[in-house]
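# Descriptive structure summary
Take a look at the letters that make up each chain.
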Amino acid sequence: MTTITIQDVFCFGFNKSSNKKIDKDGVLPFIILPILLLFATVSLTITIIIMIVIGMGALYVQTRPRQKNRSPFFFSWTLSSGVWMFLVFEIAILRLLEITQLEHFVFLVLLACTCYSFYKVKAIADFELATGSSKGKEYSPVLTSDSHYCQVCQIEVNDRFFHSIWWNCCILRQNYIYFYVGQLFAFSTILYGTNLGLTTICQPFLLYGIILLPKDCQDVYFEFQLAISFVCCIYGLGYLCVVTLLLIRHLFVFIPKYMAPQWKKLVNPTV
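So, here's what we can say about the structure.

Reading the values: rules and limits
Residues numbered from 1 in each chain as written. Predicted model: local features only at pLDDT ≥ 70, side-chain atom pairs only at ≥ 80, totals over all residues. Heavy atoms only, no water. Helix = DSSP H or I, 4+ residues; strand = E, 2+ residues; numbered from the N terminus. Buried < 20%, exposed > 50% of the residue type's maximum accessible area, 1.4 Å probe, protein only. Contact = heavy atoms within 4.5 Å. Disulfide = S-S within 2.5 Å. Pairing = 2+ DSSP bridges. Patch = residues over 30% accessible without salt bridge, like charges linked within 9 Å, V, L, I, M, F, W, Y side chains within 5 Å. Areas by Shrake-Rupley, 256 points an atom, 1.4 Å probe, with all protein chains shown as cover. Salt bridge = Lys/Arg side-chain N within 4 Å of Asp/Glu carboxyl O. Phe/Tyr/Trp six-rings, centres within 6.5 Å; stacked < 30°, edge-to-face > 60°. Lys NZ or Arg CZ within 6 Å of the ring centre and 35° of its normal. Core = buried A, V, L, I, M, F, W, Y, C linked by side-chain atoms within 4.5 Å. Axes fitted to C-alpha atoms, helices over the stretch in contact; angles between N-to-C directions. Parallel < 35°, antiparallel > 145°, perpendicular 65-115°, else oblique. Left-handed = near helix turned anticlockwise from the far one by under 90°. Nonpolar A, V, L, I, M, F, W, Y, C, P; charged D, E, K, R; others polar.

### Overview of the overall build of the protein chain
- For the protein chain, the count of helices and strands is eight helices and six strands.
- Its helices and strands taken in sequence order, the protein chain reads α-α-α-α-α-β-β-β-β-α-β-β-α-α from the N to the C terminus.
- Expressed as a percentage of its 271 residues, the buried residues of the protein chain come to 36%.
- At a minimum sequence separation of 6, the contacts of the protein chain that also span at least 24 residues come to 61%.

### Topic: the state of the cysteines
- One pass over the full model with this rule turns up one disulfide.
- Across the disulfide from C202 sits C217; the S-S distance is 2.0 Å. Around the S-S axis, the bridge from C202 to C217 shows a dihedral of about 110° and counts as right-handed. Taken together, the residues C202 in the loop between helix 6 (173-201) and strand 5 (203-208) and C217 in the loop between strand 6 (211-216) and helix 7 (224-252) connect sequence positions 15 residues apart.
- With a relative accessible area of 6%, C202 lands in the buried category.
- The exposure class of C217 is partly exposed, given its relative accessible area of 23%.
- Take C115: it sits in no disulfide, and the sulfur closest to it among the cysteines is that of C113, at 9.4 Å.

### Describing the pairing of strand 5
- Here strand 5 runs beside strand 6; their pairing, made up of five bridges, is antiparallel. Bridged to Y208 within strand 6 is I211.
- The antiparallel hairpin formed by strand 5 and strand 6 contains two residues in its connecting segment, where G209 sits at a positive phi of about 65°.

### Concerning a nonpolar patch on the surface
- A surface patch of nonpolar side chains, amounting to about 830 Å² of accessible area, comprises V27, L28, I31, I32, I35, F39, V42, I46, I49 and V53.
- Listing elements by their share of the nonpolar patch, those giving two or more residues are helix 2 (13-40) and helix 3 (44-63).
- Here the element with the most residues in the nonpolar patch is helix 2; it accounts for six residues.

### Concerning the packing of aromatic side chains
- Per the counting criterion, the structure on display carries 16 aromatic pairs.
- Consider the rings of Y176 and F254, whose centres lie 6.4 Å apart with planes at 45°: the pair is tilted. Of this pair, Y176 sits in helix 6 while F254 sits in helix 8 (residues 254-267), and the two are 78 residues apart along the sequence. For the pair shown, Y176 and F254 are each scored as buried.
- Members of the aromatic cluster, connected to one another through ring pairs, are F75, F118, F161, F162, W167, Y176, F179, Y180, F254 and Y258.
- The ring of F75 has K122 lying over it, and the distance from NZ or CZ to the ring centre is 4.4 Å.

### Let's talk about the nonpolar core
- Formed by 18 residues in total, the largest nonpolar core has its most connected members in F162, I171, Y176 and F179.
- Those elements that provide at least two residues to this core are helix 5 (101-132), strand 3 (160-164), strand 4 (169-172), helix 6, helix 7 and helix 8.
- Per-element accounting of this core gives the leading share, four residues, to helix 6.
- What Y176 contacts, discounting residues up to four positions off in sequence, is F161, F162, I171, H250, F254, I255 and Y258.

### Some thoughts on the packing of helix 4 (residues 73-93) against helix 7
- Helix 7 packs onto helix 4 with a crossing angle of 140° between their chain directions and a minimal axis gap of 10 Å. The angle between the axes of helix 4 and helix 7 places the two elements in the oblique class. Of the two possible hands of crossing, helix 4 and helix 7 adopt the one that is left-handed. Contacts from W77, T78, S81, M85, V88, A92 and I93 in helix 4 reach Q225, I228, S229, C232, C233, Y235, G236 and Y239 in helix 7.
- Here the residues of the contact of helix 4 with helix 7 sort into ten nonpolar, five polar and no charged.

### Let's talk about unusual backbone geometry
- Backbone geometry places L97, a non-glycine residue, at a positive phi of 60°.
- As for its placement among the helices and strands, L97 is situated in the loop between helix 4 and helix 5.
- Looking at L97, the relative accessible area reads 73%, which means it is exposed.
- Of note in this structure, N168 is not a glycine but carries a positive phi near 55°.
- Structurally, N168 can be placed in the loop between strand 3 and strand 4.
- By relative accessible area, N168 is classed as partly exposed at 29%.

### Some thoughts on the pairing of strand 3
- The element strand 3 is largely enclosed, with a buried count of five among its five residues.
- Bridging between strand 3 and strand 4 involves four bridges; their strand directions are antiparallel. What sits directly across from F162, in strand 4, is I171.
- The hairpin turn running from strand 3 into strand 4, its antiparallel successor, is four residues long, and N168 in that turn takes a positive phi close to 55°.

Below, the structure written as structure tokens:
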């Protein structure tokens, strides 16, 4: 017990190098992403190139073996994306004074609902792995019918749907509904925020009623404030495409799996 306490306090040996690696992986996205966004403000061509590079990098990470995605880098990338887009919206776009207080309030409410949903995802996952679904840190070749071995967490868990490297936790039956609702709120927040941003920095047109859409964005690269706002909106639209595909996939793959026990109870109440 004394040795463990000393190592925990002074971070000797392996623990020290491990902590340094985790800190570096967690901080890098907050540095790399703004640099890429700043370079993207040079011209439309550079913006397209950088967005393609970011998309290809995310696709490569998503398709490579899961056991290689244990770094907190990807979770930090998700957080840094949200933080930087929010800061640009609050500092650059709102300064143009074309967004009403009601529109800003609706945006903040959607953002708060998104953050709360994903907070619950992380909290429930940590609680279940620590007290409920945890089977032990060593891999067991004999799994029960409701058990799965997570190659990223390196632990055997119950009722596991999949592991999200972008949120750095397992998605279980207990937190899946928060994950899906969080994606719905994220979709609404990004869609609403990017539309507010683009209709502010670009010339808008009236689609129907009070709904505005961007029409002409040719002049955004002549001023840095407009350029960084435009680049962040384009980055947000890329995120929006990913979230849309994710929602469609979950609608056909994981929602039926999540609803299966409830459906069985409705069909056969004696079960």
